[in-house]
Amino acid sequence: MNMSRTLIYATCLAIMIAASPAASQEMPKKYTETFATENGAKLSFDVVLIPGGTFVMGSPESEAGRQDHEGPQHKVHLQPFYLCTTETTLELFLAYYQETVSAKKDFFEMQEAKKDEEQAGKEDVHAITGPTPVYGDLTMGYEETHPAIGMTWHNATVFCKWLSQKTGKSYRLPTEAEWEYAGRAGTTHVFGFGDDPNGLVDVAWCDDNADGETQPVGKKRPNAWGLYDMLGNVCEWVHDFYSPTTYQEAAKDNPAVNPRGPETGKVHVARGGAYHSTAEELRCAARLFEEDWWRSGDPQIPKSKWWLPDMDFIGFRVARSAETVKCAP
Amino acid sequence: MARSQQTQESRQEAAVGRGLGRFTSSESDKGTGTSRRDFLKTSSIVASATALGTLGIGPGVFAAGSDIIRVGMVGCGGRNAGAAAQALTADSGARLVAMCDIFMDRVKGKRKILKEQKPDQVVVDNDHCFAGFDGYKHVIESSDVVLIANAAKFHPLHTMTAIQAGKHVFVEKPHGIDPAGVKLMQHAARLAEQKRLCLVSGLHSRYHTGYGETVKRIQDGAIGDVIAIEENFLRGPYGVIPRKEGLSELQWQCSTQYHFRWLSGDDVPQSLVHNLDRASWVLHNEVPVKCHGLGGRSSMTQPIYGNVFDHHSVVYELDNGVRIYAFCRTTTGCHNDSSSTVLGSKGKASVTGCRIWGDTNWRWNGRCNPYQIEHDVLFKAIRSGEPVNNGDYMTRSTMVTVMGQISCYTGKEITWDQINQSDFYYPPKPEDCHDGMEPPVKPNAHGIYPVPKPGFTKMI
């Protein structure tokens, strides 16, 4: 095991050197990620390069619907990163669920397999423990082209691990700053495309047009950076813990560089509003975070680590760092 | 649009019971539960209950907001811990005072979690933590309100014992796993009514505002005449847990009770009871005349899955010709669906999606927490002295599922009259269960437990 770890570190180091600034300029502006499931099905999704840069995060006090935690506005500098053009679909999430669901294998078989792996010195391989089975239907009746829904933040991050293992690239949730930067797509407007909420129906599934349910991803007009459904359809989990004072902390640096939110916290941030959101909730600066009632569909204690039953308004999209190749320790 | 999804990790509700171990035989050679001894036993429970009822023992009188209401937990799985938190949330004067489970580690574990969440309301000392089949008696003794969520085999006995003792009850579904059990629950419900005690069911659909609005519209004719109802609860398996070293066969079965039918009653009572309760509600609680069911094991065949089926389908027929097509499955890698769809002469409705497609389309866009509402209603009723009693629909809907389950096991058509005339039970009787007894089912040399063979298995 030690030998193989050393080898991995050495390889990573080599890649990191190779991928230092000069190499990053050769990063593709967009690409289609394709991978195969255990069943042999081919799945794919589109990813675009979000250029590095500096932007003003948060909303001005004059913005209609603004809440205190959206301020103070402050400068943020971000490295380039990749972002999936769509919210993660149920098709992808179902594949992950089928491959990792924890009750999939007979317990004794799992134990045997673990023993074999330990003997072979590779106990950390294939070790992703996926969700417990849903007590019901994780699609909540939606088609596979709709966004994945009702997962906890933890579940979304385990999906990213699984996806990374399938593709060999380090996918993760975007940070809150990355999300807002991508949502604004180089503009300073309230909704990215402009300040007039009447234009929302062209870019977002929301209270005015979604008929009270999620819609297939990628059907509305993308924003200036080619990203679909950043506003509306489902709220998107981001990396950061929530704190009402996140921006006060970040504003102490000018600019804040690649901020990642508080180091600890109780709940995480979700961005972008959902199918039932009004214009105020769909502003690029609007912040949402997990509230107690998101778990009210789970009648048990302890609450599930994996599922937010009945909560069909919460999903996520995946990101990937562009400049460095990350190695798992 | 179906929106019904719950979690199941930690749905490891434990079995709790009491009594002498009389049945050690396997299910195939057990009696139908109609022996004179059993009849007398049941009758005496009913008779003594009725006698108590006539004494006019009513619910304790609790002044609004001031007096303390003592709450006890029978079963310390994830669901009852959730119910306890909901009870303590519903009434600031509620105090959790006693807990029991087959396993003491579950009692202590849940006490710790609940104490963290409700530090001022969880006041269970070590002397009020009970383990084993007899623990429920002590919990009932110590409480004003008893929360019962353990192996469903014991729901009727524990409810009856609590009601006899003059205690209010919240009890999870299903409300019995066999005809004898459901009948005992019916008696308990009637006794609760006589004694003006509250009896609230964990069939949460009836407390869901959106489902209620949808059912009302269907009943008001929004989709014309109801022709048929399709009920689905297709999902992944109940969680499997490792068999800890040192557990006896009995303890092992109790620790994974969903996988043993003498404890859980299998998946038609366990899961489809929610669906069939909604169907029954839509149909003004009219009962089916008969049903036929199909079921078996496809992929859940390893020893860890005990002796339950992993898929069932039941067709129910009502006197007016309306049919209910009901399906449940607990497998991995298959299509999942959780829905209640009502087909009418002028449209269709999704009860779980709170949606109607008809001359006028409609949907309910609110959100509610029926699990909390159940307890809000219960404690409000206790405080006001106006008891709430769900006994009528909770026992009827459960009997509908028991009828379907037995049809799946036996392969025979089962009529409503037949199931109601039967005193069948999965041995041993709940009151005969005791610590250290031989479990009624045992694995063969390959670790496999016997399962019913439709066409050959006889139950009623």
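Trainee: Got a minute to help me understand the interface of chain A and chain B in this structure?
Mentor: In many reports, interface size means the accessible area that the parts give up when they come together. Listed per partner, the contact involves 42 residues of chain A and 50 residues of chain B. Among the residues of chain A in contact with chain B, Tyr135(A), Pro299(A) and Ile301(A) are the three that bury the most area, contributing 26% of the side total. At the boundary of chain A and chain B, one finds four salt bridges. Its salt-bridge partner being Arg355(B), residue Glu213(A) comes within 2.7 Å of it at the nearest N-O pair. At the junction of chain A and chain B, the tally comes to 11 residue pairs in polar contact (both at pLDDT 80 or more). Mapped onto the side of chain A that touches chain B, the elements with two or more residues apiece are helix H3 (90-100), helix H4 (107-119) and strand S6 (134-136) of chain A. Among the residues forming the side of chain A that touches chain B, the class breakdown is 22 nonpolar, nine polar and 11 charged.

Trainee: Any chance you could explain the sheet that holds strand S2 (residues 69-74) of chain B here in plain terms?
Mentor: The strands making up a sheet associate through hydrogen bonds between their backbones, and the pairing can be parallel or antiparallel. All names here are of chain B. The strand order across the open sheet built from six strands is S4-S3-S2-S5-S6-S7, with neighbouring strands paired in parallel fashion. The open sheet has two edge strands with one neighbour each: strand S4 (129-131) and strand S7 (199-201). Averaged over all pairs of adjacent strands, the angle between strand axes in this sheet comes to 20°, irrespective of strand direction. In this sheet, S4 lies alongside strand S3 (residues 94-101) in parallel orientation, the contact comprising three bridges. From the neighbouring strand, Asp101 faces S4, where its bridge partner is Ala131. Relative to strand S5 (residues 145-148), helix H2 (residues 78-90) is tilted by about 150°, and along the sheet it contacts S2, S3, S5 and strand S6 (168-171).

Trainee: It is not clear to me how the packing of aromatic side chains should be interpreted in this structure. Could you clarify?
Mentor: Here a ring pair, both rings aromatic, is described through the centre-centre distance and the interplanar angle of the planes. Following the criterion strictly, the structure yields 26 aromatic pairs over all chains and no others. Seen from their ring centres, Phe45(A) and Tyr171(A) are 5.5 Å apart, and the 70° between their planes marks the pair as edge-to-face. Highlighted residues: Phe45(A) in strand S2 (residues 42-50) and Tyr171(A) in strand S7 (residues 171-172), separated in sequence by 126 residues. Judged by relative accessible area, Tyr171(A) falls into the buried class, the value being 5%. Counting every residue linked through ring pairs, the aromatic cluster contains Phe35(A), Phe45(A), Phe93(A), Tyr96(A), Tyr97(A), Phe159(A), Trp162(A), Tyr171(A), Trp307(A) and Phe316(A). One residue, Lys348(B), lies across the ring of Trp357(B), its end atom 4.9 Å from the ring centre. Geometry around Tyr425(B) places Lys429(B) over its ring, the cationic atom sitting 5.2 Å from the centre.

Trainee: What is the right way to look at the sheet that holds strand S11 (residues 323-330) of chain B in this model?
Mentor: Residues and elements named next belong to chain B. The sheet built from nine strands is open, its strands ordered S15-S14-S13-S12-S8-S11-S10-S9-S16 with mixed pairing. Single-partner strands in this sheet number two, and they are strand S15 (362-363) and strand S16 (414-415). The sheet contact formed by strand S8 (residues 226-235) and strand S12 (residues 337-344) spans eight bridges and is antiparallel. Paired with Glu230 across the two strands is Thr341, which belongs to S12. Sitting on the sheet, helix H7 (residues 209-219) touches S8, S12, strand S13 (347-350), strand S14 (355-357) and S15, and the angle it makes with S14 is about 30°. Relative to the sheet, helix H10 (residues 267-282) contacts S8, strand S10 (311-318), S11 and S12, its axis offset from that of S8 by approximately 155°.

Trainee: Just to check I follow, could you spell out the state of the cysteines for this structure?
Mentor: Residue and element names in this part refer to chain B. Within the structure shown, the criterion is met by zero disulfides over all chains. Of all cysteine sulfurs in the structure, the one in Cys328 sits closest to Cys334, which takes part in no disulfide; the separation is 13 Å. We note that Cys408 lacks a disulfide partner, and the nearest cysteine sulfur, in Cys328, lies 7.2 Å from it. Looking at Cys408, the relative accessible area reads 1%, which means it is buried.

Trainee: I'm lost on the side chain of Asp277(B) in this one. Help?
Mentor: All names here are of chain B. Tracing the chain through its elements places Asp277 in helix H10. Given the relative accessible area of 0%, Asp277 is considered buried. Asp277 has contacts with Leu203, Arg206, Tyr393 and Ser397, leaving out every residue within four places of it along the chain.

Trainee: Where do I start with the confidence of the model for chain A in this structure?
Mentor: Residues and elements named next belong to chain A. Residues with a pLDDT of 70 or more make up 82% of chain A, whose mean pLDDT is 87. The low-confidence segment residues 1-24, where pLDDT is below 50, has 13 contacts with residues more than four positions distant or belonging to other chains. The model gives residues 104-109 a pLDDT under 50, and that stretch makes 12 contacts with residues more than four places away or in other chains.

Trainee: Any chance you could explain the pattern of salt bridges here in plain terms?
Mentor: Should their charged atoms come close, side chains of opposite charge can pair. Under the definition given, this model contains 34 salt bridges over all chains. A salt bridge links Arg172(A) to Glu178(A), with the shortest nitrogen-to-oxygen separation between them at 2.9 Å. On the basis of relative accessible area, Glu178(A) is assigned to the buried category, the value being 7%. The partner of Glu413(B) in a salt bridge is Lys290(B), and the shortest N-O contact between them spans 3.9 Å. In this pair, Glu413(B) is assigned in the loop between helix H12 (391-410) and S16 and Lys290(B) in strand S9 (residues 288-296), connecting sequence segments 123 residues apart. The exposure class of Glu413(B) is partly exposed, given its relative accessible area of 44%. Classification of Lys290(B) as partly exposed rests on a relative accessible area of 28%.

Thresholds applied
Residues numbered from 1 in each chain as written. Chains lettered and ligands numbered in written order. Predicted model: local features only at pLDDT ≥ 70, side-chain atom pairs only at ≥ 80, totals over all residues. Heavy atoms only, no water. Contact = heavy atoms within 4.5 Å. Buried area = accessible area lost by both parts, 1.4 Å probe. Salt bridge = Lys/Arg side-chain N within 4 Å of Asp/Glu carboxyl O. Polar contact = N/O pair within 3.5 Å; in protein donor to acceptor, adjacent residues only side chain to side chain. Helix = DSSP H or I, 4+ residues; strand = E, 2+ residues; numbered from the N terminus. Nonpolar A, V, L, I, M, F, W, Y, C, P; charged D, E, K, R; others polar. Pairing = 2+ DSSP bridges. Axes fitted to C-alpha atoms, helices over the stretch in contact; angles between N-to-C directions. Phe/Tyr/Trp six-rings, centres within 6.5 Å; stacked < 30°, edge-to-face > 60°. Buried < 20%, exposed > 50% of the residue type's maximum accessible area, 1.4 Å probe, protein only. Lys NZ or Arg CZ within 6 Å of the ring centre and 35° of its normal. Disulfide = S-S within 2.5 Å. pLDDT = per-residue confidence, 0-100.

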